[in-house]
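Geometric and topological summary
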Amino acid sequence: MLDSQAPSTPQVRTLLLTDLVDSTGLVERIGDTAAAALFRAHDRIVLDLQQRWRGRLIDRSDGLLLIFERPIDGLGFALDYVRGLRELGREHNQPLQARAGLHVGEVLLWENSLDAVQLGAKSLEVEGLAKPLAGRLMALARPGQILLSATAEPLAHRAARELGERGELLVWKSYGRWRFKGVPEAQEIYEVGEPGLAPLRMPSHTPKAWRDLPLWRRPVALAAETMLLAGLLVGGWFITRPQPAIAFGERDWVVVGDLRNLTGDPRLDDSLEQAFRISLEQSRYVNVLSDLKVRETLQRMQRGNDAKVDRASGSEIAMRDGARALLLPTVAEVGGRLRVSAEVVDPRTQTTVYAVSADGKGIESALASIDDVTDQLREQLGEAMQNVQETSVPLPNVATPSLEALKAFAVARNVVYTTRDREQALGLYRRALQLDPQFALAHADMAQLLAGFGEVGAAADEWRKALAIPGRLSPQEKLRIELMLLQHTPPAAYFRKVDEYLVLYPDDSQVISRSATNLWHQRNDFRGAEARYRLAIKPAYPNQGSIQYSLGTMLLGQDRHAEALDAFRKSREWGFSGWAEYYARAYDVRDKHADADRVYAQSTNGKQGWRGEGGVSTWIDRGDLARAGETATAWRKQAEDAGDVVDLLRARAAAASVAAFAKPGGGTGDMRDLLATTRARAKDLDAIYPPASTELQLYVGLLAAYSGDRPLLEDVLRGMRGNTVVRDYPTVAQLYDVLLAEHERMTGNAAAAKARLSPMAKQENALVVVHWALMRAEQAVGDHQAAAGQSRWLATHRGRVFVENTTTDVLRFFNAAVAVQARSDAAAVAPAASARPAPTAPAR
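Quick caveat, the model's predicted, so the values are computed rather than measured.

Bringing the pattern of salt bridges into the picture now. For the structure on display, the rule yields 73 salt bridges. A salt bridge links Asp 252 to Arg 324; the shortest N-O distance between them is 3.4 Å. Pair noted here: Asp 252 is in the loop between helix H9 (237-240) and strand S10 (253-256) and Arg 324 is in the loop between helix H12 (311-321) and strand S13 (325-334), with a separation of 72 residues, a long-range link. Under the relative-accessibility criterion, Asp 252 is labelled buried at 18%.

Spelled out as structure tokens, the structure:
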């Protein structure tokens, strides 16, 4: 007789049962010898995992029976076993998957005698109801699926963090109550798995397992209920429409985490993540937090540029920036097919709300699968199916069908967002275009990069190339490019297009802020620009520091100095320090020049002190015309060395201005040379900024009027005949009217000049020179009280004087000079009102 140890008292253990899917078919396909080698490799994996997860193997045939002390150990074994099978199958070019069931319950354990073991018995026997229940879970599972009982799930879930980062990425799903043959009570069933590897789908009914549905959900009852409810469903569609599992509404935001590439194919590392974004960004219902915004928030979290956006960091980004959900995409090989999946994570709890997936054959299926997944996500988040269908353009059309081109494109974008290495980024974009010459989005990105470096003409060429490729841009991208090309055309058409665009895409912060800047430059509309910038102040929008700085600039332009300083300080709190000239001007308007110099020196562009156009304006404002002239000369040399025609002519305009302000009749030769050069280079200038040559010529006329040079003024006015720019660009039109008024005054018709300018001066967007020219006209007609009012306006609107910015930005020199003169006049009239000496006024 073969004695065995008597069964012990019942003990609580974790049981894991697995079954290798289609193992018999595997042997038939590859033969006994190859199968034996594969199974030996399989056994080595099992032995290694036993040691790692402290499991004891009880039995094996086509599957395994193991016991563990803790549920988390059993789960760790199951997860690694699923992954190990996949890798082993890849090595042998065979799909290998297993079903697994995990349960915690009481079992009886006893050791068989040594003699019994030698005759083939197991060393340890395990019996009890827990064993068949684990077996039922295993049999119910789909290939690659791990099912848990209601006893095992909470214990494993609670300890999941012991699995490290992988534990945070697991998806936990409940499939409700099920009935198992031979088990008296219904059981709650759960699945746990890694996105991209696990099916994450409801198991199918079997003869031994079926869902425990209430009576009202059984087929006969359902048929009657369906007929009863059909009418109600049709009438109440909007009420009964499925809602997302999280409180997600139209135009809410999502964070897209880093795509996990479990295939090992490096071609998918960056390309699919970019493709996922491009596909999802077509939605007008779901807003995607931009790459730039994610990187900015990571920096505020004190993470490096290479920090991963995973479940933990992505949830923190979402909470900081007001996003409702975190999306975690994954690509993996499952059962010989390529699977793209995405989890929707609630950032408050970091738990997965649901997951969607799409399978395809081979790597060439990846882009179609991404489109499928993003369409599913949009519907799950509440977007109407019809809208999804109408706005979803396949990725090969809105991007590229070439994964290699898409990878080069994705790496180029990463360079732009991190190092801003112009040559490296352009090289990568060109590589993408070599791989796919029809890749219109690559042309658009190149244009954006070139525009950021001030290469406006080259940028426009790339935008036009993008538009010239039919059917390869999303509707939004096409409209955005059209807007970019319109911004240097007559403003009326541009602003109409902006309004149409923002009706469709109201959360495009780049278009909002760019249109605000154009209101400032093209219409001198500080109040309108302020309103636009305020629209762009939202946690989910990028460049919040820059937008706060721009808002401060618009407030300064309205002489709301305290509010401007507050906005400038907020811009610094956001980490913006690239520009600080207007921040400094908020102190200059209060004559706190030391504070102005300090904040300017703290900026990137101010480390070498006041230079260029800002330096010329500074020294004119502070009454140091000699230093202003030196700065203009240095600026001119720098522009000549750089070969920048626009900057060179602006520097020459600054030098001519300083000469005119320094002494009566000064700078006449410089003015005439500037006029001749501007006319000769008009084609080059206007190819970059269409109003540029007209505005520079009119500025020469303004200096001529200031200096009393009537022949030169008349030469400029003759050159304006038939010029459509003075009709189509509001600030240029104002400047032209100022020259006409000055000519009227100089020819003895000051009353006409006053009549021309008085209505203009009442407008909020009137140029500073309008007030100056009106003051001179009123002085000429003997209305000294009205003239004194205009002089006070010039003396007290110092913020406007500094911030007014037209196409070539040369009026700033003139504005500073006439404002200094107005303050000098005010100080002379009421010396007791000022405890400090007035600045040196320019010559008149």
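Turning to helix H20 (residues 475-486), a few remarks are in order. Taking 1.5 Å of rise per residue, 12 residues should cover 16 Å, and H20 covers 17 Å from first to last C-alpha, within 8% of that figure. Residues Gln 476, Glu 477, Arg 480, Ile 481, Glu 482, Leu 483 and Met 484 constitute the buried set of H20. Buried residues in H20 make contact with helix H18 (440-452), helix H19 (456-468), helix H21 (491-504) and helix H22 (509-523).

So, about the packing of aromatic side chains. Under the criterion given, the structure shown has 20 aromatic pairs. Both rings, one in Trp 253 and one in Tyr 541, keep their centres 5.8 Å apart while their planes meet at 70 degrees; by these two values the pair is edge-to-face. With Trp 253 in strand S10 and Tyr 541 in the loop between helix H23 (526-535) and helix H24 (544-557), this pair connects stretches of sequence that are 288 residues apart. Seen in terms of ring centroids, Trp 520 and Tyr 582 are 6.0 Å apart; in terms of plane orientation they differ by 70 degrees. Their pairing is edge-to-face. Linking Trp 520 in helix H22 with Tyr 582 in helix H26 (residues 581-588), this pair joins segments that are 62 residues apart in sequence. With a relative accessible area of 9%, Trp 520 lands in the buried category. By the ring-pair criterion, three or more aromatic residues cluster together here, those being Tyr 549, Phe 568, Phe 576, Tyr 583 and Tyr 587. The ring of Trp 574 has Arg 300 lying over it, and the distance from NZ or CZ to the ring centre is 4.1 Å. A cation sits over an aromatic face here: Arg 627 above Trp 619, 4.0 Å from the ring centre.

Here Asp 310 shows up in the loop between helix H11 (291-300) and H12. Residues in contact with Asp 310, not counting those within four places in the same chain, are Glu 165, Ser 315, Leu 326 and Leu 328.

Core analysis: the biggest nonpolar cluster contains 129 residues, and Ile 620, Tyr 699, Leu 702, Trp 772 and Phe 814 have the highest contact counts within it. Residue contacts for Tyr 699: discarding those within four places in its chain leaves Ala 653, Ser 657, Leu 735, Val 810, Leu 811, Phe 813 and Phe 814. Grouped together as the second largest cluster of nonpolar side chains are 62 residues, Ala 358, Val 416, Leu 433 and Leu 450 included.

We now examine the packing of helix H30 (residues 645-662) against helix H31 (residues 668-680). Between H30 and H31, whose axes approach to 9 Å, the crossing angle comes to 160 degrees. Taken together, H30 and H31 sit at an angle that is classed as roughly antiparallel. Read as a crossing pair, H30 and H31 show a hand that is left-handed. The residues of H31 that touch H30, namely those facing Leu 649, Arg 652, Ala 653, Ala 655, Ala 656, Ala 659 and Ala 660, are Asp 670, Met 671, Asp 673, Leu 674, Thr 677 and Thr 678.

Let us look at H18. Here H18 contains 13 residues, and its C-alpha end-to-end distance of 19 Å stays within 8% of the 18 Å for a straight helix at 1.5 Å per residue. When we look at burial in H18, the residues that qualify are Ala 440, Leu 441, Ala 442, His 443, Ala 444, Asp 445, Met 446, Ala 447, Leu 449 and Leu 450. Contact partners of the buried residues in H18: helix H10 (271-280), helix H15 (395-398), helix H16 (403-418), helix H17 (422-435), H19 and H20. Looking one or two places after H18, you find Gly 454, whose phi comes out positive at around 80 degrees.

Quick notes on the rules
- Residues numbered from 1 in each chain as written.
- Predicted model: local features only at pLDDT ≥ 70, side-chain atom pairs only at ≥ 80, totals over all residues.
- Heavy atoms only, no water.
- Salt bridge = Lys/Arg side-chain N within 4 Å of Asp/Glu carboxyl O.
- Helix = DSSP H or I, 4+ residues; strand = E, 2+ residues; numbered from the N terminus.
- Buried < 20%, exposed > 50% of the residue type's maximum accessible area, 1.4 Å probe, protein only.
- Expected span 1.5 Å × (residues − 1).
- Contact = heavy atoms within 4.5 Å.
- Phe/Tyr/Trp six-rings, centres within 6.5 Å; stacked < 30°, edge-to-face > 60°.
- Lys NZ or Arg CZ within 6 Å of the ring centre and 35° of its normal.
- Core = buried A, V, L, I, M, F, W, Y, C linked by side-chain atoms within 4.5 Å.
- Axes fitted to C-alpha atoms, helices over the stretch in contact; angles between N-to-C directions.
- Parallel < 35°, antiparallel > 145°, perpendicular 65-115°, else oblique.
- Left-handed = near helix turned anticlockwise from the far one by under 90°.

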